[in-house]
Amino acid sequence: FDRYKNKQDFIQKYIFPGGFLPSLQSIKDYTKKTGLTLRGYNSYGIHYSHTLRKWRENFIGSWNNISQQGFDSSFKKIPSKMSILSAKMIPSLGGNTEFLSMRASYNALPQELKLKIDDKICWHDYSHGRSKIDPNLVTPEEKQALPPVKQKLVLSDNKHGKSLYLGAHCRNVDGMSENDSNALLAEINSYIDTEKFIYSHVWEPFDLIMWDNRAVLHRATPIKGKIEKRLMVRTTVAGQTSTINEY
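What this report covers is the structure whose coordinates are included nearby. Nothing here was measured: the structure is a model prediction, and the numbers come from that model. (Residues numbered from 1 in each chain as written. Predicted model: local features only at pLDDT ≥ 70, side-chain atom pairs only at ≥ 80, totals over all residues. Heavy atoms only, no water.)

Per the secondary structure count, the protein chain includes ten helices and eleven strands. Per element, the accessible surface of the protein chain, about 15,900 Å² overall, is 53% carbon and sulfur. (Helix = DSSP H or I, 4+ residues; strand = E, 2+ residues; numbered from the N terminus. Areas by Shrake-Rupley, 256 points an atom, 1.4 Å probe, with all protein chains shown as cover.)

This next bit is on the environment of Thr31. Mapped onto the fold, Thr31 is located in helix H3 (residues 24-34). A residue is classified by how much of its surface remains accessible, and Thr31, at 13% relative accessible area, is buried. In this structure Thr31 touches Leu36 and Leu38, once residues within four positions along its chain are discounted. (Buried < 20%, exposed > 50% of the residue type's maximum accessible area, 1.4 Å probe, protein only. Contact = heavy atoms within 4.5 Å.)

We now examine the environment of Gly167. Within the secondary structure, Gly167 sits in the loop between strand S6 (163-164) and strand S7 (170-173). For Gly167, a relative accessible area of 22% translates into the label partly exposed. When the C-alpha positions of Gly167 and Gly129 are compared, they lie 8.5 Å apart, and in sequence the two are 38 residues distant.

We now examine the sheet that holds S7. Strands sit in the order S4-S3-S7 across an open sheet of three strands; the sheet is antiparallel. Two strands lie at the open edges of the sheet, namely strand S4 (149-152) and S7, each paired on one side alone. Each adjacent strand pair in this sheet contributes to an overall mean axis angle of 40°, direction not counted. Relative to S4, strand S3 (residues 121-124) runs antiparallel, the two sharing four bridges. (Pairing = 2+ DSSP bridges. Axes fitted to C-alpha atoms, helices over the stretch in contact; angles between N-to-C directions.)

Further remarks concern the nonpolar core. Within the largest apolar cluster, 20 residues are counted, with the highest numbers of intra-cluster contacts made by Met102, Ile117, Leu153, Leu164, Leu166 and Ile188. Elements represented by at least two residues in this core include exactly helix H6 (102-107), helix H7 (111-117), S7 and helix H10 (178-192). Broken down by element, the residue count for this core peaks at four residues, all from H10. Counting eight residues, the second-largest nonpolar core is a separate cluster that includes Phe99, Trp203, Ile209 and Trp211. (Core = buried A, V, L, I, M, F, W, Y, C linked by side-chain atoms within 4.5 Å.)

What follows concerns unusual backbone geometry. At Phe206, a position not held by glycine, the phi torsion is positive, near 75°. Structurally, the position occupied by Phe206 is in the loop between strand S8 (198-201) and strand S9 (208-212).

Moving on to a nonpolar patch on the surface. Taken together, the side chains of Leu24, Ile27, Leu38 and Tyr41 define a hydrophobic patch exposed on the protein surface, amounting to about 330 Å² of accessible area. Summarising the element assignment, Leu24 is placed in helix H3. (Patch = residues over 30% accessible without salt bridge, like charges linked within 9 Å, V, L, I, M, F, W, Y side chains within 5 Å. Salt bridge = Lys/Arg side-chain N within 4 Å of Asp/Glu carboxyl O.)

Right under this line is the structure:
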């Protein structure tokens, strides 16, 4: 207890800053010292471990949906421009970050498909992306605060070439029926879901990576084996305009 009291642990520093849980014995000693009476107590340790176990089971069970590649904040009218990610604490196995080039993906599309999608607009919806993990993750307040927004399907305002702008939040293609929209998005995804466009970074402590949020998709891979700590520090650079207003 003295070591816990005098030195911050991971939970105190990163999860509950300023939090402090005194030991049962220290509480008994303090109440006796001050003339108070301890009439009862509840230990939450077992219940909390059950909560963590259920969270982990649900997380792993939903991994196929969670790991869907996505641009950052494409559900905002003005999405973010770039991100910087640095590694502080790294697990011994797993926890890589995968990056997918959407410029290379666009270039790999058949010419007929490129012509078909170059002027298309998509609706990006925060609640659509989150509901793939769990329908209960989005509150009515969040839905109201983050309504669907339009984004271009193909971004062309870049000296490095055109890129696709898709991801988990992309709900549908504007002006198309649900069936036609789903079919078109599935056709596009059939060309980009390939390992040859993916770079998987195996992290080392203090690595730092920067990427263009409007041309690169990213996702984390699961930690393998025993549960270990993984601490990353993220910086996001705000965008300046909607993709609709590129020109």
